[in-house]
Amino acid sequence: MNSSELRRTALSYLGCRKDVTPQMTALLEEGLSEAQRLSRFRAVAKTFEKPLSFLRQEPYAAFLAGCTGYALVAMTLGAEGERRVRALMTLDPARAVVLDACLSAYIEYEGDRWESCLGENRTYRFCPGYGGSDVSDNRYLFAELEPSRIGMQLLPSGMMAPQKSMVGIVGLGKKAVKSCADCMAAAGCIYRKEGRRCYDSGKSF
């Protein structure tokens, strides 16, 4: 496990960019350890060559331009971490907030590692809700992947349960990494206005 990468990502979710106090560092280390212990990462994928109908519209079409195929992916950490966060909200809200950020960082990290099974020549994961797309498009991915077999549910709102779950699209046959410069939402990005990223890649703006 790349602990430094997890720390940076969790701190980004917490909105901490510098001057991290010893108290925050201790909370973060505890949160990362607990996130690892509580997580039950599971994932499924399905590959395609021709785009499904909803992927022919923007911003998906632009994201998949130049790819020879793509994979739909679904992943979850399970519900144990979510239950622990809810319990901590009444007992120790600060620990709850830090643990929630650590769980978010952990599913991103585990998802990126797991996607290596799709090969090296691939894009990053693009999820409904990114770049002006609609979170309700999650329904198309659920219909194809049936992620209920790994314990995921699609709620009427288009969100998912457990909360630490994701579905997305990974382009195949083209190498692409997350970059602010190439992001379709860069112009109005609230993270860039605050001088930070929605992810941590070690790259500058």
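The model shown is predicted, which means the values in this text are computed figures rather than measured ones.

Caption draft 1: Seen up close, the packing of helix α1 (residues 3–14) against helix α5 (residues 93–114). Close contact between α1 and α5 brings their axes to 8 Å; oriented N to C, the two are set at 125 degrees. With respect to each other, α1 and α5 are oriented oblique. In the crossing of α1 with α5, the sense of the turn from one axis to the other is right-handed. Of α5, the residues touching α1 (which contributes E5, L6, T9, A10, Y13 and L14) are V97, V98, A101, C102, S104, A105, Y106, E108 and Y109. The residue makeup of the contact of α1 with α5, split by class, is eleven nonpolar, two polar and two charged.

Caption draft 2: Molecular detail of α1. In a regular helix each residue adds 1.5 Å, so twelve residues correspond to 16 Å; α1 covers 16 Å between its end C-alpha atoms and thus fits that length. Buried residues belonging to α1 abut α2 (22–38) and α5. Two residues or fewer past α1, G15 is found with a positive phi of approximately 80 degrees.

Caption draft 3: Focus on the packing of helix α4 (residues 80–91) against α5. Where α4 contacts α5, the axes come no closer than 7 Å and their chain directions differ by 160 degrees. In terms of axis orientation, α4 runs roughly antiparallel to α5. Where α4 crosses over α5, the two elements pack in a sense that is left-handed. Along its contact with α4, which presents G81, E82, R84, V85, L88, M89 and L91, the element α5 presents P93, R95, A96, L99, D100 and L103. The residue inventory of the contact of α4 with α5, partitioned by class, reads eight nonpolar, one polar and four charged.

Criteria and thresholds
Residues numbered from 1 in each chain as written. Predicted model: local features only at pLDDT ≥ 70, side-chain atom pairs only at ≥ 80, totals over all residues. Heavy atoms only, no water. Axes fitted to C-alpha atoms, helices over the stretch in contact; angles between N-to-C directions. Helix = DSSP H or I, 4+ residues; strand = E, 2+ residues; numbered from the N terminus. Parallel < 35°, antiparallel > 145°, perpendicular 65-115°, else oblique. Left-handed = near helix turned anticlockwise from the far one by under 90°. Contact = heavy atoms within 4.5 Å. Nonpolar A, V, L, I, M, F, W, Y, C, P; charged D, E, K, R; others polar. Expected span 1.5 Å × (residues − 1).

Everything listed here is a matter of coordinates, which is why it stays silent on function.
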